[in-house]
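# Summary of structural features
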Amino acid sequence: MPVLRCTFGLDRGDAALNRPALVLRPEEMAELDAPWLRAAAPGLATILEAGDVAIGAGQLPVLRAELRGVLEAVGAADLPERLVVALALQRLDSACAIAQEFGFNLYVSVVDG
């Protein structure tokens, strides 16, 4: 089952020395694979399919806007059944915000856990 790991760094070598800032478990990854989410967040879907990607300073605001748009679209009536995905997206948005604030790249890898 796939696991998503996000690590901060100035380059790949730097990121390889750091602990993951975010880890999404297989259960959360299964929720991120939902067809409605892939349609609503094509940038996120591309990242998940790539398996190993670096998200730089220019891409972080775009990804954050996409994540926030999806989160805002989850209505109160849908929240109980989409709680896991909403929390996963919120955590990913927080990781992007931290990387953006401190000037790091965000290295995302999808590996078998």
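For the structure, check the block above.
Residues numbered from 1 in each chain as written. Predicted model: local features only at pLDDT ≥ 70, side-chain atom pairs only at ≥ 80, totals over all residues. Heavy atoms only, no water.

Applying the stated criterion across every chain yields a total of zero disulfides. C6 forms no disulfide, and the closest cysteine sulfur to it belongs to C96, at a distance of 7.0 Å. Judged by relative accessible area, which is 0%, C96 ranks as buried. (Disulfide = S-S within 2.5 Å. Buried < 20%, exposed > 50% of the residue type's maximum accessible area, 1.4 Å probe, protein only.)

Further remarks concern the packing of aromatic side chains. A complete count under the given rule lists one aromatic pair for this structure. Relative to F104, the ring of F8 has its centre 6.1 Å away and its plane inclined at 15°; by these criteria the two rings are stacked. Remark: F104 occurs in the loop between helix 6 (79–102) and strand 4 (105–112) and F8 occurs in strand 1 (residues 2–9); sequence separation between them is 96 residues. Given a relative accessible area of 17%, F8 falls into the buried group. (Phe/Tyr/Trp six-rings, centres within 6.5 Å; stacked < 30°, edge-to-face > 60°. Helix = DSSP H or I, 4+ residues; strand = E, 2+ residues; numbered from the N terminus.)

A few words on a nonpolar patch on the surface. Together, L79, L83 and L87 line one region of the surface with nonpolar side chains, adding up to about 240 Å² of accessible area. Within the secondary structure, L87 sits in helix 6. According to the relative accessible area criterion, L87 is partly exposed, its value standing at 42%. (Patch = residues over 30% accessible without salt bridge, like charges linked within 9 Å, V, L, I, M, F, W, Y side chains within 5 Å. Areas by Shrake-Rupley, 256 points an atom, 1.4 Å probe, with all protein chains shown as cover. Salt bridge = Lys/Arg side-chain N within 4 Å of Asp/Glu carboxyl O.)

The values are spatial; any link to function lies outside them.
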